Structures are given as C-alpha cells and as structure tokens.
Amino acid sequence: MAKTTKEKNIISWSGYEWKTESDWAMTAEVGKDFWCDPSCVEFDDGELVLFVKSSPRTFNVNGVNYIKKYGIPFVRCEQDFKYGVFEWEMKLPYGRNLWPALWFSSDMSWPPEIDCMEGWSKNNPNFIKNLIFLSIHPTMHWSENCDAKSGKHLQERKLNLLRCRLKRGVYNKYRVVWTPEYIEVYYNNFLVKRFNNPEMLEHFNKKGLTLKPIMDLAIDSGFNMENLKEFSKKGEFMRIKSFKYIEYTKGE
C-alpha cells in the first residue's frame, strides 16, 4: 500500500521509502521554469500519479530572485542500491513539451547516471518522432577516468526506439539489469540497449558507489499555459503502478 509517513515529504510505496522533493540545485536552477513541488505527487488506488501544475514560487540564487511558474513531481528512493534488476510498470503521460524520466543517480557524485528512459514529447503529445520512432531512449552518463570533479562527462545513448516496443494508454514495463560486466535496458521485455563500454563500467563498478532510483516528470523549455491546460484537461498523467528490485547474485 502507498501512504504518507510522519516525516515531511516522505512516502512509503512498493516496499520502499521515497522522498518527494529534491535536495539538488535543479529545484532552483537558473534558466529552468520549474521547481520540484511535493504536491505534484498523489496516490490513486496504490499507484503513484505524477503531474505538472501552475505553482509559482520565488527562489533566491546568489542574491537574485527568480520566479518558477510550474511545479513538477520528483520522487527519489531513500535506499541505495548496487547491482541487480530494477523494474517499473508505468503509463506514459499525454501532453506537449513533457520530459518524463525513470533514472538513477548517486549521493557520492554526478556523474554517474543511468537513464532507464527519458522522453521528450515536444510538439507531439504521444511522443511520436516520425512513422517509425518514438522520442524515448535510455542513456548512460559517466566521467573520464572516474573523476567526477573534472567537470567533463561522457555519455552513450540509444537515440530511437521503434514505436511497436511501447504502447500509449497502457502500462509498459521498463527494466534495468545492472551487473559488473554490463548494464542492459529492456522495454516490455525487449532488449533496447546493452551498455558494456569498459571505461564506463569502471566508473559504475567504483568501490563504494551506490545509486538511487528516481521518477520525475519535468517540462521542456517550450512548455506554456496552453500546454498545461491541454495536459490537465486530458488527464493522462504519468502513472506508476509498481517498482521492483531483485538483488544481483554473482554468476546469474
């Protein structure tokens, strides 16, 4: 069952504790017209419902006030993980200039980062890029020589995905298999990408490194009030039915 605990902005869901606000600079990042609003996360029959809303708030960054017009949902697991199988069941939202994501980041440093899926709907609320592809893909981020302080990071991505691998209006399964030898991403049991770059793996296998799963629904720079009205009227928000983790066993 999903519920809210006594601690502020902490929820219990799918067997884990999750925080519904961000500790990072993206909450008040200059140039972004959104902030991570815990009230954009709701429960419905045990599911997490993530949505965007008009929620103006002023942030002071280096002595300058910035108004963020929109609140977005951000849900970050309180538990750290290393290796294993991670799986979500999630229904894509419907709307223009939306940026949903299921991903992993670390408290130690950034990078590294695993993006199980990132989607950019742009001007097509169904995330359709063309007759064949969707604007949805996984990405890996890591730094050169495992040095996150260098300010330089590398990435490897799968740029497109055949439309037939994901369906609109239904729950799709998104899975990450993280092992010392490779990291694989599956959509509906279809292997979308295997990442096994040795330099990348060196970073993700770094001693002491752990990652936290994250779910969020951000917005692109083109998002406006007309997009919000369409999104709210249609009512197809980002709905996450479940999250599951299976511990890694060496040799499997």
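To be clear, the structure that these remarks concern was listed above.
This report concerns the structure included in the present document.

Cut-offs used in this document
- Residues numbered from 1 in each chain as written.
- Predicted model: local features only at pLDDT ≥ 70, side-chain atom pairs only at ≥ 80, totals over all residues.
- Heavy atoms only, no water.
- Phe/Tyr/Trp six-rings, centres within 6.5 Å; stacked < 30°, edge-to-face > 60°.
- Helix = DSSP H or I, 4+ residues; strand = E, 2+ residues; numbered from the N terminus.
- Buried < 20%, exposed > 50% of the residue type's maximum accessible area, 1.4 Å probe, protein only.
- Contact = heavy atoms within 4.5 Å.
- Pairing = 2+ DSSP bridges.
- Axes fitted to C-alpha atoms, helices over the stretch in contact; angles between N-to-C directions.

Some details on the packing of aromatic side chains
Alright, step 1. Here the structure, examined in full by the defined rule, presents 21 aromatic pairs.
Alright, step 2. Ring centres 4.9 Å apart and planes at 70 degrees place the aromatic pair F86 and F104 in the edge-to-face group. Of the two residues, F86 sits in strand β10 (residues 84-91) while F104 sits in strand β11 (residues 98-105), which places them 18 residues apart along the sequence.
Alright, step 3. With a relative accessible area of 0%, F86 lands in the buried category.
Alright, step 4. Ring geometry for W178 and F204: centres 6.5 Å apart, planes at 85 degrees, overall edge-to-face. Here W178 is found in strand β17 (residues 172-178), whereas its partner F204 is found in helix α1 (residues 198-204), with 26 residues between them in sequence. Across the pair, F204 and W178 agree in class, each one buried.
Alright, step 5. One aromatic cluster is present, formed by W13, Y16, W18, F81, F86, W88, F104, F243 and Y245 through successive ring pairs.

Here we look at the side chain of N227
Alright, step 1. Residue placement: N227 occurs in helix α2 (residues 225-234).
Alright, step 2. Residues in contact with N227, not counting those within four places in the same chain, are R96, N97 and G222.

Structural notes on the pairing of β10
Alright, step 1. Of all 8 residues that make up β10, 6 are buried, and the element is covered over most of its length.
Alright, step 2. Both β10 and strand β21 (residues 238-247) contribute to a ladder of 8 bridges, which runs antiparallel. If you follow F86 over to β21, its bridge partner there is Y245.

Examining the sheet that holds strand β4 (residues 34-36)
Alright, step 1. Strand order across the open sheet formed by 3 strands is β4-β8-β7, with mixed pairing between neighbours. In the strand order of this sheet, the two ends are held by β4 and β7 (53-61), each with one partner. Taking each pair of neighbouring strands and ignoring which way they run, the sheet shows an average axis angle of 50 degrees.
Alright, step 2. Sheet topology places β4 next to strand β8 (residues 64-72); 3 bridges connect them, and they run parallel. Its bridge partner lying in β8, C36 is registered against I72.

The quantities given are spatial measurements derived from coordinates; they are silent on function.
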